[in-house]
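What follows is the residue order along each chain.
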Amino acid sequence: MLAKRIIPCLDVKDGQVVKGVQFRNHEIVGDIVPLAKRYASEGADELVFYDITASSDDRVVDKSWVSRVAEVIDIPFCVAGGIKTEEDARRILEFGADKVSINSPALADPSLINRLSEKFGVQCIVIGIDSYFDEQTGQHQVKQFTGCEDATRTTNWNTFDWIKEVQSRGAGEIVLNVMNQDGVRCGYDIEQLSQARAVCNVPLIASGGAGEMEHFADVFNTADVDGALAASVFHKQIINIGELKAYLKTQQVEIRL
Amino acid sequence: MIVIIDTGCANLSSVKFAIERLGYNVTVSKDPVVLQQADKLFLPGVGTAKEAMANLIERDLVQQIKNLTQPVLGICLGMQMLAQASEEGFGEHPLIETLGIVEGNIEKMEVAPLRSPHMGWNQVTPKLDDPLFKDIPAGSYFYFVHSYALPVNDNTIASCDYGSPFTAAVNKDNFYGVQFHPERSGKAGAQLIKNFLEL
C-alpha cells in the first residue's frame, strides 16, 4: 500500500534554515545541508524547502544550495519560493529538486500552473496554499505574499474554490498551510483539511499546527491527507521522526519504517 | 564507463548524484561514440511522453538506443519510453510511438477513488531471485511519481499495486526499466542501482 508521508519543512532565508511563529519573527535554526541529511537519516519521506523571502521582495535568489542538497539526499525534495516562470522551474529541477511548489505567483497568474504542468508534467508541480480562517466572517481566505508580514494580502479566493481551480489547471499536489495554526503546535485544522480533502483528487499535504504525535495520527485517520508537513516540532527535536513513524504504525497508519 | 544518456530532461543530476554516492564515476552524454563504449547506461526521464520522445528524436537518439547491447536502465519516464507506445499524447495524436523495446503500451492509471498521480512510497513485489532486487528486503518501499503505467506483462520483473497492479520493473534482453525513482528511494534504491551496476 501507498504509505502516508512525513514531511519536515525547512523554511530557508538567505541560505539558512529559519522558523517563525505564524509566519513572523524568523530565527535561524541551522545550516541547510546538515539538517536535510539528519531528517533523511531519521526516516523523513520527503523534504520541503520554502525560500520564504523570495516572492515578497522580488529579487533574484541564489539557489545553488538546491544542488548541494540533491548531492547528499536520497529521498525526494521539493523547492518553493520565487518560482515565477518556466525558466525558474527548469533551473530548480535541473539543480536536482524533484518538485517545485508555487504559491503567490500562481495567484498572480493562474495560467502559470497550466504552462508548468504541460512543460514538466503534473507530477512535479505542487501548489502551496496559505489559508486563513476569518472567524468574524466565517470565511476561509487564501492569502498571498505571506513570506513578509508587510506584504501579506488577502486574495478574493475562497480556499476550497482555489483548490478546485488549481487542480483544473494541472496541479499535481496541494500543500494546505493553515495559517491560524502555524507554529503554535496545537494540532492540525482537521475540519478544514477534511473539507479540503472532499474537493481534492490529487495528493493533499496538511501543514500548520503539529505539536504532538497524536496530531499526526488524527490528521491521517480523520482528514485522510496523504502527507503531513511540520517544521518546529522537528527542528526543536520535540518529536523524533523515527519514533513518530513507529507510533503511527501502532495507530494503523500505513507508514514506511 | 557508466553513462547517463543526455535526454535533455530535468532529473539528470539527481541520477548522477545517486551513482556518485555509490563511489562510481559517471558521464552524461549523447555522443554516439561514448554511448557505444559505455559498460552501463541510464535512460532517465521526467515530464511527458510527448516531450521526451520529441527530445530523443531531436537528439537523434532513437536508433542509437535501440542498437545498444550493453545493460540499459530506464528510470520512470525513461522506463516508459522502452514500451511500444504511450497514451500520454495530446489532441490529434493521443498515442505516442515510443522505442518499442519491451512489450505493452503505457496506459493512464485508473485509480479512483484513490488520488492521482500515484505519488509517494509504495511496496513492490519482485520475481524470486531477480538480480536487480538482490539484497533488497521483501516489503521495501520505493518512491513513485506517475499517472501513467505499463500493465503487468511477460517482461514484468516486479509489480506494484495502486488501484490495480502495474509494472514496477521490467526487463527484456539487455534493457531494464523501473517505474519508481531509485535515486530517490533511500537505501533500497541505492541497492538497486548498485545491483544494476554490478550486473
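Values in this document were obtained by computation on a predicted structure and should not be read as measured data.

Reading the values: the criteria
Residues numbered from 1 in each chain as written. Chains lettered and ligands numbered in written order. Predicted model: local features only at pLDDT ≥ 70, side-chain atom pairs only at ≥ 80, totals over all residues. Helix = DSSP H or I, 4+ residues; strand = E, 2+ residues; numbered from the N terminus. Rg over C-alpha atoms; globule rule 2.2 N^0.38 Å. Buried ≥ 20, exposed ≤ 12 C-beta atoms within 10 Å, placed from the backbone. Pairing = 2+ DSSP bridges. Axes fitted to C-alpha atoms, helices over the stretch in contact; angles between N-to-C directions. Contact = placed C-beta atoms within 7 Å. Core = buried A, V, L, I, M, F, W, Y, C linked by C-beta atoms within 7 Å. Arc of directions from axis to C-beta. pLDDT = per-residue confidence, 0-100. Nonpolar A, V, L, I, M, F, W, Y, C, P; charged D, E, K, R; others polar.

Visitor: If you had to explain the overall build of chain A to someone new, which residues and values would you point to?
Guide: Check the secondary structure of chain A and you find eleven helices and twelve strands. Over its C-alpha atoms chain A spans a radius of gyration of 17 Å, differing by no more than 12% from the 18 Å that the globule rule assigns to 257 residues. On the principal axes, the C-alpha backbone points of chain A span a range of 45 × 45 × 35 Å. Burial statistics for chain A: of 257 residues in total, 54% are counted as buried.

Visitor: I'd love a proper account of the sheet that holds strand β8 (residues 118-126) of chain B, names of residues and values included.
Guide: All names here are of chain B. Spatially, nine strands are ordered β2-β1-β3-β4-β13-β12-β11-β8-β9 in an open sheet, and the strand pairing comes out mixed. Because the sheet does not close on itself, it has two edges, and the strands there are β2 (27-29) and β9 (141-146). Going from strand to strand, the sheet's axes swing by 30 degrees on average, the running direction of each strand aside. Direction of pairing for strand β12 (residues 164-172) relative to strand β13 (residues 175-178): antiparallel, over a ladder of four bridges. Opposite Lys172, over in β13, you have Phe175 as the bridge partner. Here helix α1 (residues 12-21) sits on the sheet and contacts β1 (2-5), β2, β3 (40-43) and β4 (72-75); the angle it forms with β1, its principal contact strand, is near 165 degrees. Helix α6 (residues 186-197) contacts β1, β3, β4, β9 and β13 of the sheet and is inclined by roughly 90 degrees relative to β9.

Visitor: Tell me about the environment of Arg21(B), and please be specific about residues and values.
Guide: By the secondary structure assignment, Arg21(B) is in helix α1. Taking the C-alpha atoms as reference points, Arg21(B) and Glu183(B), separated by 162 residues in sequence, lie 9.9 Å from one another.

Visitor: Lay out the sheet that holds strand β5 (residues 85-86) of chain B with the relevant residues and their values.
Guide: All names here are of chain B. Strand order across the open sheet formed by four strands is β6-β5-β7-β10, with mixed pairing between neighbours. Edge positions in the sheet fall to β6 (96-97) and β10 (148-149), since each of these pairs with one other strand and no more. Pairing between strand β7 (residues 105-108) and β10: two bridges, direction antiparallel. Following the sheet pairing, Lys108 is matched in β10 by Tyr148.

Visitor: Help me get a handle on the nonpolar core, residues and values and all.
Guide: Considering soluble globular proteins, one finds that nonpolar side chains tend to be buried as a cluster. Judged by nonpolar contacts, the single largest core of 149 residues is most densely connected at Leu47(A), Val48(A), Ala97(A), Val100(A), Ile174(A), Ala206(A) and Ala228(A). Beyond its immediate sequence surroundings of up to four residues, Ile174(A) is in contact with Ile127(A), Ile129(A), Ile163(A), Val166(A), Cys200(A), Val202(A), Leu204(A) and Ile205(A).

Visitor: I'd like to hear about helix α4 (residues 86-95) of chain A, residue by residue, with values.
Guide: Inspection of α4(A) places Asp88(A), Ala89(A), Ile92(A), Leu93(A) and Phe95(A) among the buried residues, and these make up the whole buried set. Considered in projection along α4(A), the buried side chains sweep an arc of 160 degrees and stay on one side of the axis. On its buried face, α4(A) sits against α3 (64-72), β5 (77-80), β6 (99-102) and α6 (111-120) of chain A together with α1 of chain B. Just past α4(A), the residue Gly96(A) takes up positive phi, approximately 120 degrees.

Visitor: Before we move on, can you summarise the environment of Val18(A) with the specific residues and values?
Guide: Residues and elements named next belong to chain A. Among the structural elements, Val18 can be located in strand β2 (residues 16-21). Classification of Val18 as buried rests on a count of 20 C-beta atoms within 10 Å. Along the backbone, Val18 and His235 are 217 residues apart, and their C-alpha atoms lie at a distance of 9.4 Å. Here Val18 is in contact with Asp11, Lys13, His26, Glu27, Ile28 and Val29, once residues within four sequence places are set aside.

Visitor: Describe the confidence of the model for chain A, naming the residues involved and giving the relevant values.
Guide: When the pLDDT values of chain A are averaged, the result is 90; 93% of them are 70 or greater. The secondary structure element of chain A with the lowest average pLDDT is helix α2 (residues 54-57) of chain A, at 50, and the one with the highest is helix α7 (residues 159-168) of chain A, at 98.

Visitor: Hey, could you go over helix α1 (residues 32-42) of chain A for me, with residue numbers and the actual values?
Guide: Residues and elements named next belong to chain A. Within α1 the residues assigned to the buried category are Ala36, Tyr39 and Ala40. Taken end-on, α1 shows its buried residues confined to a sector of 100 degrees, consistent with a single buried face. On its buried face, α1 is in contact with β1 (5-13), β4 (47-51), α3, α10 (232-235) and α11 (241-250).

Visitor: Before we move on, could you go through unusual backbone geometry and cite the residues and values that matter?
Guide: Residues and elements named next belong to chain B. With omega at 10 degrees, the peptide bond leading from Ala112 into Pro113 counts as cis. Within the secondary structure, Pro113 sits in the loop between β7 and β8. Cis geometry marks the peptide bond from Ser116 to Pro117; its omega dihedral reads 5 degrees. A positive phi angle, close to 55 degrees, is found at Cys76, a residue other than glycine. Judged by the 30 C-beta atoms lying within 10 Å of it, Cys76 falls in the buried class.

Visitor: I'd love a proper account of the interface of chain A and chain B, names of residues and values included.
Guide: Counting residues at the interface gives 27 residues for chain A, matched by 27 residues for chain B. Those elements that provide at least two residues to the side of chain A that touches chain B are α3 and α4 of chain A. Ranked by residues supplied to the side of chain A that touches chain B, first place goes to α4(A) with four residues. Looking at the side of chain A that touches chain B, its residues break down into twelve nonpolar, five polar and ten charged.

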